[in-house]
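Residue-level listing of the chains:
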Amino acid sequence: MNIISKLNTAVAAVIFSLALFSSCTSSNDYTYGEWLSKADLTGYHRFGAAYFTLGHYGYVVGGYNGYSNRLTDAWRYNFNTNQWQQVASLPGTARQDASGFACGGYGFVTCGQSTDAKNNIIYLRDTWKFDPNDSTKQSVIIGMDTVTTMVPGKWKQVSNFPWTPRADALSISFSNSAIVGCGTNGTDYLKEMYSYNPTTDSWTNISFPGKKRQGGVGVALSDSVAYIGFGKCDDGNNYDFWKY
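Let us look at the structure shown here. On a predicted model such as this, the values are computed, not experimentally measured, just so you know.

**A look at the sheet that holds strand β13 (residues 189-197)**
Read from one edge of the open sheet, 4 strands run β11-β12-β13-β14, paired in antiparallel fashion. Edge positions in the sheet fall to β11 (170-173) and β14 (202-206), since each has one partner strand and no second. For this sheet, the mean inter-axis angle between neighbouring strands, taken without regard to orientation, is 25°. Pairing analysis gives 4 bridges linking β11 to strand β12 (residues 178-184), with the strands arranged antiparallel. Across the sheet, the residue bridging to Ser173 is Ala178, located in β12.

**Side note on the layout of surface pockets**
A probe as big as a water molecule, rolled over the atoms, marks out the empty space that is left. Approximately 460 Å³ is the volume found for the largest pocket. In terms of lining, the largest pocket is formed by 24 residues, of which the most central are Tyr51, Gly100, Leu170, Ser171 and Gly218. Breaking the lining of the largest pocket down by element, the ones donating at least two residues are β1 (50-54), β5 (99-103), β11 and β15 (217-220). Along the lines of polarity and charge, the residues of the lining of the largest pocket split into 13 nonpolar, 9 polar and 2 charged. Roughly 250 Å³ of volume is contained in the second largest pocket. Those elements that provide at least two residues to the lining of the second largest pocket are β3 (70-78) and β9 (127-142). Counting residues per element, the lining of the second largest pocket draws most heavily on β3, at 4 residues. Class assignment for the residues of the lining of the second largest pocket results in 5 nonpolar, 6 polar and 1 charged.

**Brief notes about a nonpolar patch on the surface**
Residues Val217, Phe230 and Phe241 make up a contiguous nonpolar surface patch of about 290 Å² in total accessible area. Inspection of the secondary structure puts Phe230 in the loop between β16 (226-229) and β17 (232-233).

**Comments concerning the nonpolar core**
With 18 residues, the main nonpolar core has Phe52, Leu54, Tyr59, Val61, Val109, Phe130 and Trp155 as its most contacted residues. Among the elements of the structure, β1, β2 (57-64), β9 and β10 (145-158) are those that each provide at least two residues to this core. The residues contacting Leu54, other than those within four sequence positions of it, are Tyr59, Ala102, Gly105, Tyr106, Gly107, Phe130 and Pro132. Within the second largest apolar cluster, 12 residues are counted, among which are Cys103, Cys111, Val180 and Tyr196.

**Focus: unusual backbone geometry**
Located in the positive-phi region is Asn82, a residue other than glycine, with phi close to 60°. Tracing the sequence through the fold places Asn82 in the loop between β3 and β4 (83-87). Even without a glycine there, the phi angle at Asp201 is positive, about 50°. The residue Asp201 is located in the loop between β13 and β14 in this model. Given the relative accessible area of 26%, Asp201 is considered partly exposed.

Calculation notes
Residues numbered from 1 in each chain as written. Predicted model: local features only at pLDDT ≥ 70, side-chain atom pairs only at ≥ 80, totals over all residues. Heavy atoms only, no water. Pairing = 2+ DSSP bridges. Helix = DSSP H or I, 4+ residues; strand = E, 2+ residues; numbered from the N terminus. Axes fitted to C-alpha atoms, helices over the stretch in contact; angles between N-to-C directions. 1 Å grid on protein atoms, 1.4 Å probe; cavity = no way out; pocket = protein on both sides within 12 Å on 5 of 7 lines; lining within 4 Å. Points joined across faces, edges and corners; volume = space filled by probe spheres on them. Nonpolar A, V, L, I, M, F, W, Y, C, P; charged D, E, K, R; others polar. Patch = residues over 30% accessible without salt bridge, like charges linked within 9 Å, V, L, I, M, F, W, Y side chains within 5 Å. Areas by Shrake-Rupley, 256 points an atom, 1.4 Å probe, with all protein chains shown as cover. Salt bridge = Lys/Arg side-chain N within 4 Å of Asp/Glu carboxyl O. Core = buried A, V, L, I, M, F, W, Y, C linked by side-chain atoms within 4.5 Å. Buried < 20%, exposed > 50% of the residue type's maximum accessible area, 1.4 Å probe, protein only. Contact = heavy atoms within 4.5 Å.

In structure tokens:
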């Protein structure tokens, strides 16, 4: 068989294989889950917001709206009704790239970056606790009007993140504790990790053998197992993956 015949045979085999698989396999067999469009946030558009989940609500706090404005407003999304509602604004410094987590029935926001009076970037380590069962009186926008009313939730400052101020730190939420770590202070990538106990309002150092990283990902599988990975560091983007 000459080269041309061999090529023709190979091409025919590929076409036959594609036809065979496409005829007996639907596209749904290659994916898990489905993305559905939901209600848009009714507040400012933003990126770099902190977030956490409590009950059937997802919370979004702060961020940057692209017009030199870092934000303090907070919103919650009701998974059952597909609606957004403004809640108590973060009383601390407006910030982006903060870390959010939930444990012990409360939401928390810590760290992040902002600017000082001279518009220099600063990094933060203050930590704030959100109580969803309390309420706060504040001004909110309803339609074209600004009104003062009671909104869900109340913030209280708790113990600072105990090490270098940072932004883009990863966070992991368990039922009664959380982990915050890594990130950047604008000069260096960081790897310190701490566990937060909401009952004692205290932080405990956790040894992490992986690389320094900014923008890493952390997710809890259960109250005893979590995974950490990715982000970027001095030698590029990370692809490592760790079990805790």
